[in-house]
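Results of the structural survey
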There are 2 protein chains.
Amino acid sequence: MAGKRTGPNLSKIAEALGVSSATVSNALSGKGRVSADLVKKIRKKAGEMGYVPSRAGRALRTGRSGVLGLVLPDIGNPLFPQIAQAMERAAATNDYGVLIADSRDDVTTQTDAIGRLIERGVDGLIVIPRRGTRIGTVGCPVAMIDTPSTPGNTVSADHWQAGEQIARHLMELGHKNILLLGNDPASNVQNDRIGGMKAAFKRDISCQTLWLQPLLRKGGTAASLNLSERISQGVSAIATVSDLLALRVLTELQTAGFQVPTQVSVTGFDDLIFSPVISPALTTVRMNMSQIANIAVAALIDEINGNRDPKPKTSLQKKRTVPDTVMADTSRVPMELIIRSSTGPAPFDQTPHSNGETL
Amino acid sequence: MAGKRTGPNLSKIAEALGVSSATVSNALSGKGRVSADLVKKIRKKAGEMGYVPSRAGRALRTGRSGVLGLVLPDIGNPLFPQIAQAMERAAATNDYGVLIADSRDDVTTQTDAIGRLIERGVDGLIVIPRRGTRIGTVGCPVAMIDTPSTPGNTVSADHWQAGEQIARHLMELGHKNILLLGNDPASNVQNDRIGGMKAAFKRDISCQTLWLQPLLRKGGTAASLNLSERISQGVSAIATVSDLLALRVLTELQTAGFQVPTQVSVTGFDDLIFSPVISPALTTVRMNMSQIANIAVAALIDEINGNRDPKPKTSLQKKRTVPDTVMADTSRVPMELIIRSSTGPAPFDQTPHSNGETL
DNA sequence: AAACAATGATTAATCGATTAATCAAACGCT
DNA sequence: AGCGTTTGATTAATCGATTAATCATTGTTT
């Protein structure tokens, strides 16, 4: 792929040593049969000449580009930097490159983006879907990073377990009336997070779930969360599904004159960049992106190299419209609870008016 | 690069139509001499067969990969999503792909990362440097996006002009005693932003500049900004160099019991994802990333294709250690002021104790 | 009509690495 | 010595697109 036609290539090395280029290739790749000392000589010479194999030549011959595609439908995702970084590093250690493609949340754009990646000949695709993105058959292995509960998911953070951690933390602090705040009820990730929290709550905990997006759609941007009212009804903790949401809640509470965490505790998810620096610093939960990336990339490369359990592609299974994605040994990576100052003991004057659980 | 050895290629099309593969190539590329109706026939057939040219074959022959490298030294940059998206789109419209490389702010890692991109045969590099990153000669055209005042800068937002806009906005609101808050005094971007603000202030405006990072280094994380004290001394507006900093100030002010913007106005830079949703929503300034990306990519591709004014590479100029980067016609793109609710009229009881300008 | 130019298409070489097929020499065995 | 096996290296084909060089027509000019 190099634009320079100057650099040394296999035949240059071969010529310099008076051997054939095939021997040089074999020596460098460790395949074929080459005597030990010739191998050493060739390696040395290649080093001296600053030989760098041509990806284009190799790609043409082997049919493999050495590039993975990273598809991010939701560019607004504040985790993007972490994701991109982790993927790039995981790929680089395996001598792969990462080609990015984004589609601003638009299905058509996304199809185009995937198409472009495929046309560029990526050997595999890493897809971080938003909502119920359907991954059709694309002609190359696909790793999907969503939630453990999503069919076809390759690997992801254990959002459910993270929810449980948050819930346990709040319970230990004595909170008994908790407001769960989500944004998009169609999001698998958010549902897992909320599901985990609900599951961990003991019987004596009263909790309500509120989805912001449908609320905004109904009431316009002006729709208030009625936080003051809910707090006066006994809510002592607000557990949100994202740090962004938590930040919003935090500022609303502060302008309304509530003390955090003395009167109300607030939690988020994801440990976004601003979370440690706001005051009070946000209690949240962080995913281990590099581990997730490593697992995803490893699974993808295994599949690319064909070192995989043969998939049972019987006609019976054909009916299941599960996306044709790669599987990994570990599919869920635990998240880490980060306790900061936005959570504290529940206030004494707690008056739990348990009105049960709302959808 | 495609892993599939099944797809149609030039010779398949040629065979199907009984012509030579060279003719097919010429017909599709519009080069060489092919009769009009044969061109039409070939194009049609290619479409029917779903022909997609092999990048690897082309790359090998032409020595060009059709891929640009995007180097981001500072992964924590919250603008990353916007940058990556804009670059990807700009590149895609020119039929280029974008390979990412990040180096967590580490010089060695960055050199490695650039090296990996070069080895992969990128045709050009887009570098968004942090601090005084030195771009050596890398063997391919480089576009740099930093600030207009940085030597070797290809294109960037006009941070200076943006600073002026913020300053004018604050002056129009009647503020006369303003605190300028930066983070890293070594950052070109931040210096431009602050420089623009200072330049726009009239003579009767008193302003101080504070750099956070050196302060933290001296005083540890506990170092306070003494905001309350400064406000009691007459400061009615705090203009920060980043939305992240503004958020920090905002929460500190709120916990200290100040009303924003009634008592103090606060401004940021960059319009980060949280800026519209916090309360009060942040007055800030936004860069036109897609325009910047388009200019950078266009300049890069022009250079790659050799459609450039020949650089005067006389030995005289050799002394100037200006990075060997690409130049663009427009090198600065204006930023857009976004007025929200964190700024308001200066309070009446303003008592400007002008103590001059501090470094 | 002869010489020449323009048009339209083909041939064949090339980019660089990989690899199956082949060959030559050295070695082991009875 | 004769035959088979191992070892070590070479040959040559291949991947797919591009393009300079070439050839065969048709059209133009004097």
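The structure displayed is predicted, hence computed values, not measured ones.

This part covers the overall build of chain A. Helix and strand counts for chain A come out as 12 helices and 12 strands. For chain A, with 359 residues in total, the buried portion stands at 49%. For chain A, restricting intrachain contacts to residue pairs at least 6 apart in sequence, the fraction spanning at least 24 positions comes to 74%.

Turning our eyes to something else, we now look at the protein's contact with DNA strand D. Taken together, 26 residues form the shell around DNA strand D, and within it A22 of chain A together with N9, L10, A22 and G57 of chain B come nearest. Elements with a minimum of two residues in the surface near DNA strand D: α2 (21-29) and α4 (55-62) of chain A together with α2 (21-29) and α4 (55-62) of chain B. For the surface near DNA strand D, the class distribution of residues is 9 nonpolar, 11 polar and 6 charged.

The partner chain B presents 49 residues to the 49 residues of chain A that form the contact. Looking at the side of chain A that touches chain B, the elements with two or more residues in it are α4, α5 (80-93), β2 (97-102), α6 (107-119) and α11 (243-255) of chain A. With 7 residues, α11 of chain A is the single largest residue contributor to the side of chain A that touches chain B.

In this section: the pairing of strand β1 (residues 67-72) of chain B. Residues and elements named next belong to chain B. Within β1, 6 of the 6 residues are buried, which leaves it mostly tucked inside the rest of the structure. Alternating positions in β1 separate into two faces, V67, G69 and V71 on one and L68, L70 and L72 on the other, with burial throughout. By the bridge criterion, 6 bridges tie β1 to strand β2 (residues 97-102) in an arrangement that is parallel. Within β2, the residue paired with L70 across the bridge is I100. In this structure, β1 lies alongside strand β3 (residues 124-127), joined through 4 bridges in parallel fashion. Its bridge partner being in β3, L70 is matched across the sheet by I126.

All names here are of chain A. Closest axis-to-axis distance for the helix α1 (residues 10-17)/α2 pair is 8 Å, and the angle between their directions is 105°. Compared by their axis directions, α1 and α2 come out roughly perpendicular. Between α1 and α2, the residues in contact are L10, S11, I13 and A14 and S21, T23, V24 and S25, respectively. Residue composition of the contact of α1 with α2, by class: 4 nonpolar, 4 polar and no charged.

Let's shift gears to the sheet that holds strand β7 (residues 206-211) of chain B. All names here are of chain B. If you walk across this open sheet you meet the 4 strands as β7-β6-β8-β9, and the pairing is parallel. Every interior strand has two partners, whereas the edge strands, β7 and β9 (265-267), have only one. Mean inter-strand twist for the sheet, computed between neighbouring axes without regard to direction, equals 15°. As paired strands, strand β8 (residues 237-240) and β9 are joined by 3 bridges and run parallel to one another.

Residue P261 of chain B is reached from V260 of chain B by a cis peptide bond, and omega for that bond is 5°. Note that P261 of chain B resides in the loop between α11 (243-255) and β9. P280 of chain B follows S279 of chain B through a cis peptide bond whose omega is 0°. In this structure, P280 of chain B sits in the loop between β9 and β10 (284-286). At D270 of chain A, a position not held by glycine, the phi torsion is positive, near 100°. By the element assignment, D270 of chain A lies in the loop between β9 (265-267) and β10 (284-286). Taking the number of C-beta atoms within 10 Å as the measure of exposure, D270 of chain A has 25 and is therefore buried.

Bringing the sheet that holds strand β8 (residues 237-240) of chain A into the picture now. All names here are of chain A. The strand order β7-β6-β8-β9 describes an open sheet built from 4 strands, whose pairing is parallel. The sheet is open, and its two borders are formed by β7 (206-211) and β9, each paired with just one other strand. Here the strands of the sheet are splayed against their neighbours by 15° on average, with no regard to which way each runs. Both strand β6 (residues 177-182) and β7 contribute to a ladder of 6 bridges, which runs parallel. The residue bridging L179 from the neighbouring strand is Q208, located in β7. Across the face of the sheet, helix α8 (residues 188-200) comes into contact with β6, β7 and β8 while running at roughly 170° to β6.

Taken together, 26 residues are adjacent to DNA strand C, and N9, L10, A22 and G57 of chain A together with A22 of chain B come closest. When residues of the surface near DNA strand C are traced back to their parent elements, those giving at least two are α2 and α4 of chain A together with α2 and α4 of chain B. Per-class residue counts for the surface near DNA strand C are 9 nonpolar, 11 polar and 6 charged.

This part covers α4 of chain B. Listing the buried residues of α4 of chain B in full gives R55, A56, A59 and L60 of chain B. Within α4 of chain B, the buried residues cover an arc of 130° as seen down the axis, which keeps them to one side. Exposed and oriented more than 90 degrees from the buried face of α4 of chain B are R61 and T62 of chain B. Taken together, the buried residues of α4 of chain B touch α4 of chain A.

So, on to the relation of the copies chain A and chain B. Overlay of chain A on chain B (RMSD 0.2 Å): rotation 180°, translation along the axis 0.1 Å. In short, the pair behaves as if placed about a two-fold rotation axis. Considering only C-alpha atoms, the residue of chain A closest to the rotation axis is L99 of chain A, which sits at 2.2 Å.

Attention shifts here to helix α12 (residues 289-305) of chain A. Residue and element names in this part refer to chain A. Here α12 contains 17 residues, and its C-alpha end-to-end distance of 24 Å stays within 8% of the 24 Å for a straight helix at 1.5 Å per residue. Burial runs high along α12: 12 of the 17 residues are buried. Looking at α12, one finds that the buried residues are M289, I292, A293, N294, I295, A296, V297, A299, L300, I301, E303 and I304. Just downstream of α12 lies G306, where phi reads positive at about 80°.

Turning our eyes to something else, we now look at the packing of helix α7 (residues 159-172) of chain B against helix α8 (residues 188-200) of chain B. Residues and elements named next belong to chain B. The geometry of α7 relative to α8 is characterised by a closest axis approach of 7 Å and an angle of 40° between their N-to-C directions. With respect to α8, the element α7 is oriented oblique. In the crossing of α7 with α8, the sense of the turn from one axis to the other is right-handed. Judged by residue contacts, H159, W160, Q161, A162, G163, E164, I166, A167 and R168 of α7 engage V189, D192, R193, I194, G195, G196, M197, A199 and A200 from α8. Of the residues assigned to the contact of α7 with α8, the class counts are 9 nonpolar, 5 polar and 4 charged.

For the rest of this paragraph, the subject is the confidence of the model for chain A. All names here are of chain A. In the predicted model, chain A carries a mean pLDDT of 88, and 88% of its residues have values of at least 70. Confidence over residues 311-322 falls short of pLDDT 50; this stretch has 3 contacts with residues more than four positions distant or in other chains. Predicted confidence for residues 352-359 stays below pLDDT 50, and this span has 12 contacts to residues more than four positions away or in other chains.

Time to look at the pairing of β2 of chain A. Within β2 of chain A, 6 of the 6 residues are buried, leaving the element largely enclosed by the surrounding structure. Burial along β2 of chain A is two-sided: G97, L99 and A101 of chain A facing one way and V98, I100 and D102 of chain A facing the other are all buried.

Quick look at the environment of V260 of chain B now. All names here are of chain B. With respect to the helices, strands and loops of the structure, V260 is situated in the loop between α11 and β9. Taking the number of C-beta atoms within 10 Å as the measure of exposure, V260 has 21 and is therefore buried. Remark: the alpha-carbon pair of V260 and R332, spanning 72 residues in sequence, is separated by 33 Å. In this view, V260 contacts L250, L253, V266, P280 and S342; residues no more than four positions away in its chain are not counted.

Conventions we followed
- Residues numbered from 1 in each chain as written.
- Chains lettered and ligands numbered in written order.
- Predicted model: local features only at pLDDT ≥ 70, side-chain atom pairs only at ≥ 80, totals over all residues.
- Helix = DSSP H or I, 4+ residues; strand = E, 2+ residues; numbered from the N terminus.
- Buried ≥ 20, exposed ≤ 12 C-beta atoms within 10 Å, placed from the backbone.
- Contact = placed C-beta atoms within 7 Å.
- Near = placed C-beta within 6 Å.
- Nonpolar A, V, L, I, M, F, W, Y, C, P; charged D, E, K, R; others polar.
- Pairing = 2+ DSSP bridges.
- Axes fitted to C-alpha atoms, helices over the stretch in contact; angles between N-to-C directions.
- Parallel < 35°, antiparallel > 145°, perpendicular 65-115°, else oblique.
- Arc of directions from axis to C-beta.
- Least-squares fit on C-alpha atoms with pLDDT ≥ 70 in both.
- Expected span 1.5 Å × (residues − 1).
- Left-handed = near helix turned anticlockwise from the far one by under 90°.
- pLDDT = per-residue confidence, 0-100.

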